[in-house]
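Chain by chain, the residues:
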Amino acid sequence: MEELHLSRRYLFTSESVTEGHPDKICDQISDTILDTLLSQDPSSRVAAEVVVNTGLVLITGEITTKANVNYVNLTRKKIAEIGYTSADNGFCGNSCSVIVALDEQSPDIAQGVNTAQETREQNSDELFDSIGAGDQGIMFGFACNETPELMPLPICLAHRIARRLAAVRKTGDLPYLRPDGKTQVTVAYEDGRPVGIDTILVSTQHTATIGDITDEAAVQAKIKEDLWTAVAEPVFGDIDVKPDKETRFLVNPTGKFVIGGPQGDSGLTGRKIIVDTYGGYSRHGGGAFSGKDPTKVDRSAAYACRYVAKNIVAAGLADKCEVQLSYAIGVARPVSVMLDTFDTGKVDDQILLELVKKHFELRPAGIIHAFNLRNLPSERSGRFYQDVAAYGHFGRNDLDLPWERTDKAELLQQAANNLLSAAIV
């Protein structure tokens, strides 16, 4: 008797936020501090945390560096760049209070990072055994072939809409928009593949009136009309799955969004870890990225996981791939490496795992070297980490990020073919 196949249909949702969101203000200030310190002293140890509230910025954490930085001026400049330039907005880079309370890195942590366990025990004389992991922890990386970015469709669309929301504000196309905003996209899936756009949600801060439009309902109607044509609709150009007449488009569901930014809600570095990664589509190890120098494997190893997963998918060896790494503080080599293709692999996962171990350098010093994470590219004028502090650290085709390159895809494909050929013989 033939087995009856019932397709599984479900909805999956991911969100993003704009650079003016309170938490993202903090992430960007933290990473601007990191960029500036590394530009002057590439060996800086940085764990910069930021808190914002109405009229207040607090910079705290642990920093060990030879760099000379004016943290107050740096913070004010970044806030203005984001768009908070007037007290009328409830928060202004020129007038907010900036408090700096920084310590140096703990010497107990530093000794394990400066000299890895492998070197202390004289187990190796390799250069990449020289740096120990800056903390224990687990990191995940993911890739799939749902979008040109090799990212899950919901988070890809949420980021695209958020970035465009900021773009039309900055160009003046929609001058009534203000910096704070959130986006959310719900995608319909069938048998694990996206088949429709169920809901698009945009919440954006705005002026109380638009030109001579003062009625709240009329203001929201105008915003909704403009956001569809100028923000939401254009992001689907190279996406196969598009909105249709059944797609819901929700804008500012509370009825208005005039009070926003740090005036509306406090912000904190590292509180948008799902926005920063895969929108909840893949697992997360729990560690945030922003404000951390690359000896912190929460950041650098998560980038390495993405690099591995993306090259496997780009090589056509799987439709989806998730990679996990784990580390012990002060130890260079990963404690564990895991790979899962969710039954989409074209070769056995164990074969892929062996290829990963052979062809990817996963010790902190090796990751830092491979991605050049300490020496910031001169063509970016000292901007590197701050540019990924909003709109996601992955799938950023607008930036030349080393962990987004697929330069090992061909190597992996050939290696896998060679193993399969040898097995047949």
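Please refer to the structure higher up on the page.
Within each chain, residues carry numbers counting from 1 in the order of the written sequence. Side-chain atom pairs in this predicted model are given and counted only at pLDDT of 80 or more, local residue features only at pLDDT of at least 70, and totals for whole chains, interfaces and linings cover all residues. Hydrogens and waters are ignored; side-chain quantities use all the structure's heavy atoms.

Student: Whenever I open this one, the nonpolar core confuses me. Can you help?
Tutor: Where a protein is soluble and globular, its nonpolar side chains tend to be buried together. Counting 108 residues, the largest nonpolar core has Ile 33, Val 57, Ile 197, Leu 227, Ile 312, Tyr 327 and Trp 403 as its most contacted members. Here the element with the most residues in this core is helix H9 (residues 297–314); it accounts for 11 residues. By definition in these notes, contact holds between two residues if any of their heavy atoms fall within 4.5 Å. Sequence-distant contacts of Ile 33, defined by excluding residues within four places in its chain, comprise Ala 48, Ile 59, Ile 63, Tyr 71 and Leu 74. In these notes, a set of buried Ala, Val, Leu, Ile, Met, Phe, Trp, Tyr and Cys residues joined through side-chain atoms within 4.5 Å is what counts as a nonpolar core. Only protein chains enter the area calculation, which uses a 1.4 Å probe; residues under 20% of their type maximum are buried, those over 50% are exposed, and those in between are partly exposed. Per the convention used, a helix needs a DSSP run of H or I reaching at least four residues, while a strand needs a run of E reaching at least two, with both numbered from the N terminus.

Student: What should I look at first to understand the sheet that holds strand E5 (residues 137–144) in this one?
Tutor: By definition, the strands of a sheet pair up through backbone hydrogen bonds, in either a parallel or an antiparallel sense. Taken in spatial order, the 3 strands line up as E5-E10-E11 in an open sheet, and their pairing is antiparallel. Because the sheet does not close on itself, it has two edges, and the strands there are E5 and strand E11 (336–340). Adjacent strand axes in the sheet meet at a mean angle of 15° when their direction is disregarded. Pairing between strands requires that DSSP locate at least two bridges from one strand to the other. Of the pairings in the sheet, the one linking E5 to strand E10 (residues 320–327) comprises 8 bridges and is antiparallel in character. In the sheet register, Ala 143 faces E10, and the bridge partner there is Cys 321. Lines fitted to C-alpha atoms define the axes here, with helix axes fitted over just the stretch in contact, and angles between the N-to-C directions of these axes take values from 0 to 180 degrees. Relative to E5, H9 is tilted by about 30°, and along the sheet it contacts E5, E10 and E11.

Student: Help me understand the environment of Val 51, please; the structure alone is not making it clear to me.
Tutor: Note on placement: Val 51 falls in strand E2 (residues 45–53). Dropping the residues within four chain positions of it, Val 51 is found in contact with Cys 26, Leu 56, Val 57, Leu 58, Gly 267 and Leu 268.

Student: How should I be thinking about the sheet that holds strand E9 (residues 267–268) in this particular structure?
Tutor: Taken in spatial order, the 4 strands of this open sheet run E4-E3-E2-E9, and their pairing is mixed. Looking at strand neighbours, the two that pair on one side only are strand E4 (97–103) and E9, the edges of this open sheet. Each of E2, strand E3 (56–64) and E9 touches helix H1 (residues 22–40); the most contacted strand, E2, lies at about 150° to it. Packing against the sheet, helix H2 (residues 71–82) makes contact with E3 and E4, and its axis sits at approximately 130° to E4.

Student: It is not clear to me how helix H11 (residues 364–371) should be interpreted in this structure. Could you clarify?
Tutor: What sets the pattern is the α-helix's 3.6 residues per turn: residues three or four places apart point alike. Where burial is concerned, most of H11 is hidden: 6 out of the 8 residues are buried. Inspection of H11 places Pro 364, Ala 365, Gly 366, Ile 367, Ile 368 and Phe 371 among the buried residues, and these make up the whole buried set. Contacts made by the buried residues of H11 are with H9 and E10. Remark: Asn 372 follows H11 within two positions and exhibits a positive phi of approximately 55°.

Student: I keep staring at the packing of H9 against H11 and nothing clicks. Help me out?
Tutor: To describe two helices that pack against each other, one gives the angle between their axes and the distance between the axes. Closest axis-to-axis distance for the H9/H11 pair is 10 Å, and the angle between their directions is 65°. Between H9 and H11, the interaxial angle falls into the category roughly perpendicular. Like other packed secondary-structure pairs, H9 and H11 cross with a definite hand, here left-handed. Contacts between H9 and H11 pair Val 297, Ser 300, Ala 301, Tyr 303, Ala 304 and Tyr 307 from the former with Pro 364, Ile 367 and Phe 371 from the latter. When an angle is under 35 degrees it counts as roughly parallel; over 145 it counts as roughly antiparallel; between 65 and 115 it counts as roughly perpendicular; any other value is oblique. Each crossing is labelled by how the near helix is turned from the far one, with a counterclockwise turn of less than a right angle marking it left-handed and a clockwise turn marking it right-handed.

Student: Would you explain a negative patch on the surface in this entry?
Tutor: Patches here are clusters of residues that have more than 30% relative accessible area and form no salt bridge, with a 9 Å joining cutoff for like charges and a 5 Å cutoff for nonpolar side chains (Val, Leu, Ile, Met, Phe, Trp, Tyr). Per-residue accessibility takes into account occlusion by the displayed protein chains alone, with areas from the Shrake-Rupley method and a 1.4 Å probe. Put simply, a salt bridge is a Lys or Arg side-chain nitrogen that is within 4 Å of an Asp or Glu carboxyl oxygen. Note on charges: Lys and Arg go in the positive column, Asp and Glu in the negative column, and His and the chain ends are not counted at all. For charged residues, the charge sits on one atom: NZ in Lys, CZ in Arg, CG in Asp, CD in Glu. There is a patch of like negative charges on the surface, built from Glu 49, Glu 62, Asp 103 and Glu 104. Judged by its relative accessible area of 59%, Glu 104 is exposed.

Student: I keep staring at the pattern of salt bridges and nothing clicks. Help me out?
Tutor: On inspection of all chains with the given rule, the structure shows 26 salt bridges. The salt bridge partner of Glu 361 is Arg 363, with a shortest N-O separation of 2.8 Å. Between Asp 387 and Arg 383 there is a salt bridge, with its nearest N and O atoms 2.9 Å apart. Put simply, Lys 78, Glu 81, Arg 383 and Asp 387 are held in one network by salt bridges that share partners.

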